[in-house]
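# Structural features, examined
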Amino acid sequence: MSILKSFFMAILLASVAVYADTKPIDMHSFFYYEDVAMNRFGGESYKVERADGKALITIDEDHPLSGTIEADAGIFNEIQNIVDKYNMHKYKAEYKPDMPVFDGGSWALGASYDDKNKNIRSRGINEAPKNAR
């Protein structure tokens, strides 16, 4: 799961300045990723949504130190590049180990497109796609 965490955090934090003059694409209207551990605030969440031609990036919305950043909607171009690079459109809806695990964590990601047939929803409990490890 470290690959997913690393590139999403890098994109979200870097996007505020990088995409100021980039023309946005209309592929995504919403993207989210969350990683949840056993304790109450043991994970991260990132949400990017389109609003009035901009991108609103919310980091750790359920955490007391959460925050929202306004950025250029061009960030959706970079998110689409990541979705394509890791073939996220081929991810299964759910990943879980064959044997039950009573300690660990879970993750979820999703992307909403203008064409609802392209939407992505995937999640895992102590398991992830092979290319996301």
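For the structure given in this document, a descriptive report is provided here. For clarity, every value in this text was computed on a predicted model and none was experimentally measured.

Under the counting rule described, the total for this entry stands at two salt bridges. Taking the shortest distance from any N to any O, the salt bridge between Glu-49 and Lys-47 comes out at 3.8 Å. For Arg-123, the salt bridge identified is with Glu-94, shortest N-O distance 2.8 Å. Taken together, the residues span a long stretch of sequence, with Arg-123 in strand E7 (residues 120–125) and Glu-94 in strand E5 (residues 94–95) at a distance of 29 residues. Judged by its relative accessible area of 45%, Arg-123 is partly exposed. By relative accessible area, Glu-94 is classed as partly exposed at 32%.

On E7, burial follows the alternation: Ile-120, Ser-122 and Gly-124 on one face are buried, whereas Arg-121, Arg-123 and Ile-125 on the facing-out side are not. Pairing of E5 with E7 involves two bridges; the strand directions are parallel. Across the sheet, residue Glu-94 finds its bridge partner in E7, namely Arg-123. Of the pairings in the sheet, the one linking strand E6 (residues 106–113) to E7 comprises six bridges and is antiparallel in character. Counterpart to Ala-111 in the pairing with E7 is Ile-120. Linking two consecutive strands that pair antiparallel, namely E6 and E7, is a turn of six residues.

The rules behind the values
- Residues numbered from 1 in each chain as written.
- Predicted model: local features only at pLDDT ≥ 70, side-chain atom pairs only at ≥ 80, totals over all residues.
- Heavy atoms only, no water.
- Salt bridge = Lys/Arg side-chain N within 4 Å of Asp/Glu carboxyl O.
- Helix = DSSP H or I, 4+ residues; strand = E, 2+ residues; numbered from the N terminus.
- Buried < 20%, exposed > 50% of the residue type's maximum accessible area, 1.4 Å probe, protein only.
- Pairing = 2+ DSSP bridges.

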